[in-house]
Amino acid sequence: DGGITQSPKYLFRKEGQNVTLSCEQNLNHDAMYWYRQDPGQGLRLIYYSQIVNDFQKGDIAEGYSVSREKKESFPLTVTSAQKNPTAFYLCASRNPSGAYEQYFGPGTRLTVT
Amino acid sequence: SQKIEQNSEALNIQEGKTATLTCNYTNYSPAYLQWYRQDPGRGPVFLLLIRENEKEKRKERLKVTFDTTLKQSLFHITASQPADSATYLCAPVAGTDSWGKLQFGAGTQVVVTP
């Protein structure tokens, strides 16, 4: 089964702790993306990566960090510097041909108290 | 700044009727526009892409139009079914961005009642 997996589905953390969200894909896609979704709002781009060992900031990168050491993996760390980290986080990869559609994972709902 | 607007109010529609959703954009010249479906608590799923030189695109019961003069795309679900109930997101893509960064509208929720 090809696709994107994110784990865990639900994550709870105390304020002041860093937390890393996992994203793995077996679609052999080069480009990968992290989005954040808040209630009633569209998805907002946090970081994206076009290729291994390369990544760029999206629209709301402050308080987040990423790495791209392997093609299939693009973990996101939510640091304690992120002022409002509670949200639904979605990872995606992009079809390099055809409609260039993005394939999304099931998401991780992070709650920080 | 670039802005994407979709109706924030839920669209309630009776089964069998046609649902029409609107996506308006400003300060944009998208080369193409994508539509996605999102169910509660899940990631969006790609439905259709329409390019700037296409007026209309169809896929089964779905139809998308793209009017670059009005800066608008319309998304139609014909013969709607309760299983079509979901939130639908539009995402215009600027042609200058070769790596497909998407900006999404907030989405319109569709509720189809039997």
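This is a predicted model, so every value here is computed, not measured.

Colleague: Where do I start with the pairing of strand E11 (residues 108-112) of chain A in this structure?
Modeller: Across a regular strand the side chains alternate sides, sitting on one face of the sheet and then on the other. All names here are of chain A. Here E11 shows one buried face, formed by Thr108, Leu110 and Val112, and one open face, formed by Arg109 and Thr111. Here strand E2 (residues 10-13) runs beside E11; their pairing, made up of four bridges, is parallel. By the bridge assignment, Tyr10 is partnered in E11 with Arg109. The pairing of strand E9 (residues 87-94) with E11 spans three bridges and is classified as antiparallel. Opposite Tyr89, over in E11, you have Thr108 as the bridge partner.

Colleague: What is the right way to look at the environment of Phe55 of chain A in this model?
Modeller: Residue and element names in this part refer to chain A. Positionally, Phe55 belongs in strand E6 (residues 54-57). For Phe55, a relative accessible area of 36% puts it in the partly exposed group. Note: C-alpha distance between Phe55 and Leu27 (28 residues apart in sequence) is 19 Å.

Colleague: Would you mind showing me how to read the interface of chain B and chain A here?
Modeller: Buried accessible area, meaning the area lost when the parts come together, often serves as the stated size of an interface. Taken together, the contact pairs 21 residues of chain B with 25 residues of chain A. Here chain B packs against chain A, burying approximately 1,700 Å² in sum over the two surfaces, 56% of which is carbon and sulfur. In this assembly, chain B and chain A are joined by zero salt bridges. Applying the counting rule to chain B against chain A returns three residue pairs in polar contact (both at pLDDT 80 or more). In terms of residue class, the side of chain B that touches chain A is built from ten nonpolar, eight polar and three charged.

Colleague: Before we go on, may I ask you to explain unusual backbone geometry in this structure?
Modeller: A negative phi angle is the norm for most residues apart from glycine, just as the trans form is the norm for most peptide bonds. Ser7 of chain A connects to Pro8 of chain A through a cis peptide bond whose omega is -10 degrees. The residue Pro8 of chain A is located in the loop between strand E1 (4-7) and E2 in this model. Positive phi, normally seen in glycine, also occurs at Glu60 of chain B, with a value near 55 degrees. As for its placement among the helices and strands, Glu60 of chain B is situated in the loop between strand E6 (56-59) and strand E7 (62-67). Residue classification places Glu60 of chain B among the exposed residues on the basis of a relative accessible area of 79%. Non-glycine residue Lys71 of chain B carries a positive phi angle of around 55 degrees.

Colleague: Even after reading the chapter, I still don't get the pairing of E6 of chain B, so can you show me in this structure?
Modeller: Residues and elements named next belong to chain B. Taken together, the four bridges between E6 and E7 define a ladder with antiparallel strand orientation. Within E7, the position partnered with Glu56 by the bridge is Thr65. Taking the residues between adjacent antiparallel strands as the criterion, E6 and E7 are bridged by two residues, where Glu60 takes a positive phi near 55 degrees.

Colleague: Is there a simple way to think about the nonpolar core in this case?
Modeller: Residues and elements named next belong to chain B. One finds Leu21, Leu33, Trp35, Phe75 and Tyr88 to be the most contacted residues of the largest nonpolar core, which totals 22 residues. Elements with a minimum of two residues in this core: strand E3 (19-26), strand E4 (30-38), strand E5 (45-51), E7, strand E8 (72-77), strand E9 (86-94) and strand E10 (108-113). When residues in this core are grouped by element, the largest group, four residues, is from E3. Among residues more than four places away in sequence, those in contact with Tyr88 are Gln6, Leu21, Trp35, Tyr36, Arg37, Leu47, Phe75, Ile77, Gly107, Thr108 and Val110.

Cut-off values and rules
Residues numbered from 1 in each chain as written. Chains lettered and ligands numbered in written order. Predicted model: local features only at pLDDT ≥ 70, side-chain atom pairs only at ≥ 80, totals over all residues. Heavy atoms only, no water. Buried < 20%, exposed > 50% of the residue type's maximum accessible area, 1.4 Å probe, protein only. Helix = DSSP H or I, 4+ residues; strand = E, 2+ residues; numbered from the N terminus. Pairing = 2+ DSSP bridges. Contact = heavy atoms within 4.5 Å. Buried area = accessible area lost by both parts, 1.4 Å probe. Salt bridge = Lys/Arg side-chain N within 4 Å of Asp/Glu carboxyl O. Polar contact = N/O pair within 3.5 Å; in protein donor to acceptor, adjacent residues only side chain to side chain. Nonpolar A, V, L, I, M, F, W, Y, C, P; charged D, E, K, R; others polar. Core = buried A, V, L, I, M, F, W, Y, C linked by side-chain atoms within 4.5 Å.

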